[in-house]
Amino acid sequence: KAGVTQTPRYLIKTRGQQVTLSCSPISGHRSVSWYQQTPGQGLQFLFEYFSETQRNKGNFPGRFSGRQFSNSRSEMNVSTLELGDSALYLCASSANRVVQSPLHFGNGTRLTVT
Amino acid sequence: DAKTTQPPSMDCAEGRAANLPCNHSTISGNEYVYWYRQIHSQGPQYIIHGLKNNETNEMASLIITEDRKSSTLILPHATLRDTAVYYCIVRVDGEETSGSRLTFGEGTQLTVNP
């Protein structure tokens, strides 16, 4: 089975621009979640989608948004980029939302904001 | 979710067993223990999880103490490729609060030496 695929792998943007990141979950997985990883803050939860509905949201400003499509693929969008948004953005998928269902992570999109 | 405590770093000789401890003294009865590892510039990799019984898979063994206040991840024959940051996480059961919202701590940097 193919793993979680995230595109693009690297991205460089300028302050004020917006960006869209894409995530294709493992086949059959219905839950997709997003995390931000920075050296200072570590791994922080952004949001989770299941059956095209946002089920959980972390403490990030409204500039961070996401969506999930009927095929479970997900996108996240960051508008009005700030320098502090530079980070590794990780997507994870799981078969469902029960605690016994492990999350499997992709290798992330490295976003640099200049 | 219960907080976990791990040593910041550990060393292990190649071919020997690596035993990584985790303290989760405030764990509650419906919280699972999960282990992930992250190799630099990659996404976290799921290793193993358990509730109260010891678990083993092709990657590792998980030993949970009877009072569930601590656990040990065992890599039976460590290789250089096992050098990574290892995260011990607890996940609470219950769809309303868990889902994919994982809380990662600082983890343990395991260095396997030749």
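Predicted model, so just to flag it, every value in this text is computed and none were measured.

Asker: Give me the overall build of chain B: which residues, what numbers.
Answerer: Within chain B, the regular secondary structure consists of zero helices and nine strands. Taken from the N to the C terminus, the helices and strands of chain B come in the order β-β-β-β-β-β-β-β-β. For chain B, whose C-alpha radius of gyration is 14 Å, the value lies close to the compact-globule estimate of 13 Å for 114 residues. Dimensions along the principal axes, computed over C-alpha positions, put chain B at roughly 45 × 30 × 25 Å. Residue burial in chain B is summarised as follows: out of 114 residues, 46% are buried. Surface summary for chain B: the accessible area is close to 5,800 Å², and the carbon and sulfur share equals 48%. Charge separation in chain B, taken as the distance between the mean sites of 9 positive and 13 negative side-chain charges, equals 2 Å.

Asker: Please give an account of the side chain of Gln68 of chain A that cites residues and values.
Answerer: Residues and elements named next belong to chain A. Note on placement: Gln68 falls in strand β7 (residues 64–68). Gln68 sits in the buried class, given a relative accessible area of 6%. Reaching out from Gln68, the side chain makes a polar contact with the backbone nitrogen of Phe50 at a distance of 3.3 Å. Here Ser72 takes part through its backbone oxygen, which lies 3.2 Å from a polar atom of the side chain of Gln68. When residues no more than four places from it in sequence are discounted, the contact partners of Gln68 are Arg30, Val32, Tyr49, Phe50, Ser51, Glu52, Thr53, Arg73 and Ser74.

How each quantity is defined
Residues numbered from 1 in each chain as written. Chains lettered and ligands numbered in written order. Predicted model: local features only at pLDDT ≥ 70, side-chain atom pairs only at ≥ 80, totals over all residues. Heavy atoms only, no water. Helix = DSSP H or I, 4+ residues; strand = E, 2+ residues; numbered from the N terminus. Rg over C-alpha atoms; globule rule 2.2 N^0.38 Å. Buried < 20%, exposed > 50% of the residue type's maximum accessible area, 1.4 Å probe, protein only. Areas by Shrake-Rupley, 256 points an atom, 1.4 Å probe, with all protein chains shown as cover. Lys, Arg positive; Asp, Glu negative; His and termini not counted. Charge placed at Lys NZ, Arg CZ, Asp CG, Glu CD. Polar contact = N/O pair within 3.5 Å; in protein donor to acceptor, adjacent residues only side chain to side chain. Contact = heavy atoms within 4.5 Å.

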